[in-house]
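In case you want the letters, here they are:
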Amino acid sequence: LDDNEFERQQRIELAKEHNNQLRYQSGKTKIFVEKDGKQSPYFGMPIGGVHNWNYRDAPFSEYALKTGRACQWQAKDVEWTEMKVHKDRWALSVTGTLYPPKGMAATVKLEEQESLIVADQIATKLSPNSYHVALRGVKVPLMGGNSYQREESRRGLLSKIIDSFA
């Protein structure tokens, strides 16, 4: 959780390299070699493996804790990409466009924003090739005018979250 941008990129490159080497491993248990040389056995999706989903139109519900009200947005052209970068960590990228509910467009100000999201992803298998997916969590805007300030804000928030579980 406490990776900086350089460490995140290193983790992604290591995961890609690992995925390319999987063809030489047999059996269901896979071995991932950490950058420090430690070997970690794991099962499931190969490290370096990627999932991509595209949603043309999708509802996006936001629940405001302060007001207790829910708001239903419309998400368009959403692309969701996950890469398994460690036996228990995924790199996630979600991009798309959010539109406010009809009747609220004049009262909603949307600005470019970078946020930290801590959430549970619940995926329920409906059939061999379909899932119902829900993401429930907390979105906290990162403070700061430049990337360094936002990175420091992210690190501070993560430290508080980790301390709260200790």
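Starting from 1, residues in each chain are numbered consecutively following that chain's sequence as written. In keeping with the predicted nature of the model, local features appear solely for residues at pLDDT of at least 70, side-chain atom pairs appear and are counted solely at 80 or more, and the whole-chain, interface and lining totals rest on all residues. In computing side-chain properties, one takes all heavy atoms of the structure into account and sets aside hydrogens as well as water.

Visitor: Sorry if this is basic, but what is going on with the side chain of H86 here?
Guide: Mapped onto the elements of the fold, H86 is located in strand β4 (residues 70-86). Throughout, a contact is declared for two residues whenever any of their heavy atoms are within 4.5 Å. Not counting chain neighbours up to four residues away, the residues in contact with H86 comprise R11, F32, E34 and I47. Only DSSP runs of H or I covering at least 4 residues are called helices, and only runs of E covering at least 2 are called strands; the numbering of each starts at the N terminus.

Visitor: Help me understand the pairing of strand β1 (residues 30-33), please; the structure alone is not making it clear to me.
Guide: Classification of residues uses two cut-offs on accessible area relative to the type maximum, computed with a 1.4 Å probe and protein chains only: under 20% is buried, over 50% is exposed, and between them is partly exposed. Of the two faces of β1, the one holding K30 and F32 is buried and the one holding I31 and V33 is not buried anywhere. For two strands to be treated as a pair, DSSP must find no fewer than two bridges joining them. Across four bridges, the pairing between β1 and strand β2 (residues 39-42) is antiparallel. Residue F32 lies in a different strand from β2, and its bridge partner there is S40. Remark: five residues form the turn of the hairpin made by β1 and β2, two consecutive strands paired antiparallel; G37 in that turn has positive phi of roughly 95°.

Visitor: For this particular structure, what's the right way to read helix α1 (residues 5-21)?
Guide: The periodicity of an α-helix, 3.6 residues per turn, causes residues three or four positions apart to be oriented the same way. A rise of 1.5 Å per residue sets the reference length of α1, with its 17 residues, at 24 Å; its end C-alpha atoms lie 25 Å apart and thus fit the reference within 8%. Within α1, burial applies to R11, I12, A15 and H18. Each buried residue of α1 lies within a common arc of 125° when the element is viewed along its axis, so the set occupies one face. Packing partners of the buried residues in α1 comprise β1, β2, β4 and β5 (89-99). Expected helix span is taken as 1.5 Å per residue step, with the number of steps being one fewer than the number of residues. Each C-beta atom gives one direction from the helix axis, and the arc is the one those directions make.

Visitor: Would you take a moment to explain the pattern of salt bridges for this structure?
Guide: Any two side chains of opposite charge can pair, on the condition that their charged atoms come close. We define a salt bridge as a contact between a side-chain nitrogen of Lys or Arg and a carboxyl oxygen of Asp or Glu at a distance within 4 Å. Enumeration over the complete set of coordinates arrives at three salt bridges. Put simply, K16 and E13 hold a salt bridge, and the shortest N to O gap is 3.9 Å. Placement of the pair is K16 and E13 together in helix α1, with a separation of three residues, close to one helical turn. Assessed through its relative accessible area of 38%, K16 is described here as partly exposed. Close ionic contact of D57 with K76 constitutes a salt bridge, the shortest N to O distance being 3.0 Å. Of this pair, D57 sits in strand β3 (residues 50-63) while K76 sits in strand β4, placing them 19 residues apart in sequence. Among the residues examined, K76 registers a relative accessible area of 31% and is labelled partly exposed.

By themselves these figures say nothing about function.
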